[in-house]
Amino acid sequence: GGKVSEDELAANAKAIMEAADRFGIVNLKLQAEAVLAKQTDITVDNMLDNLLYANSKNLALFQEKIMDFVAENGSKIVGKVSFSSVPSELISDILTAFAQGKKSNGEAAPEDDLAFTRVSELRRRLHEKGLCFDGSRETMIALLRENTE
């Protein structure tokens, strides 16, 4: 197959992701998602729109970046952003992001708990097992749990 340049990915990340997703080209979708996550500056003003977009397209890596922003900037967000339009399953992800932040700050968390594992690590483990590594965080965790030796 052909190769899409980094510049093309950067300029057209969303369109490429959507086309790749539609036609089942997982690696291209994940490449475009990584570029989107890298190039997008998350702010209080754009956080919610980006979160809802990431969730609607199963962009786990991009969603994790946004969740990290929420966890790190909670005090700036509270009272300024309404979470009333956020699907209930995302509230769990927000809490996970806060817990990951506490874990990285030295607070104890269960060893090898998949709920606290970063998306890139979940994808790496799935790839090593020859399993599909595209999908939501919950889907990836469920697949790993189903296929644990």
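Structure: see above.
Only a predicted model underlies this, so the values are computations on that prediction, with no experimental measurement involved.

1. Quick notes on empty space enclosed by the protein
Thinking step 1. Summed over the entire model, instances satisfying the criterion amount to one cavity of 30 Å³ or more.
Thinking step 2. Estimated volume of the largest cavity: approximately 40 Å³.
Thinking step 3. As for the largest cavity, its lining consists of Met17, Glu18, Asp21, Lys29, Tyr53, Lys57 and Leu59.
Thinking step 4. Partitioned by chemical class, the residues of the lining of the largest cavity number three nonpolar, no polar and four charged.

2. Considering the layout of surface pockets
In this approach a probe as big as a water molecule rolls over the atoms, and the regions it shows empty are the leftover space.
Thinking step 1. Here the largest pocket is characterised by a volume of approximately 200 Å³.
Thinking step 2. Lining the largest pocket are 18 residues, and of these Ala60, Gln63, Asp93, Arg137 and Glu138 lie nearest its centre.
Thinking step 3. Taken together, the elements giving at least two residues each to the lining of the largest pocket come down to helix 4 (60-72), helix 6 (88-104) and helix 8 (137-146).
Thinking step 4. In terms of residues, the lining of the largest pocket owes the most to one element, helix 6, which gives six residues.
Thinking step 5. In the lining of the largest pocket, the residues fall into six nonpolar, six polar and six charged.

Rules used throughout
- For every chain, the first residue of the written sequence is number 1, and numbering continues from 1 along that sequence.
- Only residues with pLDDT of 70 or above have their local features reported here, since the model is predicted, and side-chain atom pairs are shown and tallied only from 80 upward, although totals for entire chains, interfaces and linings are computed over all residues.
- Calculated side-chain values reflect all of the structure's heavy atoms, with hydrogen atoms and water omitted.
- Definitions used throughout: a 1 Å grid over protein atoms alone; a cavity as a set of points that fits a 1.4 Å probe which cannot get out; a pocket as an open set with protein on both sides within 12 Å along at least five of seven lines; a lining residue as one with an atom within 4 Å of a point.
- Grid points are joined across faces, edges and corners, and a volume is the space filled by probe spheres set on the points.
- Polar here means any residue outside two lists: the nonpolar Ala, Val, Leu, Ile, Met, Phe, Trp, Tyr, Cys and Pro, and the charged Asp, Glu, Lys and Arg; Gly therefore counts as polar.
- The numbering of helices and of strands both runs from the N terminus, where a helix is a DSSP run of H or I of at least 4 residues and a strand a run of E of at least 2.

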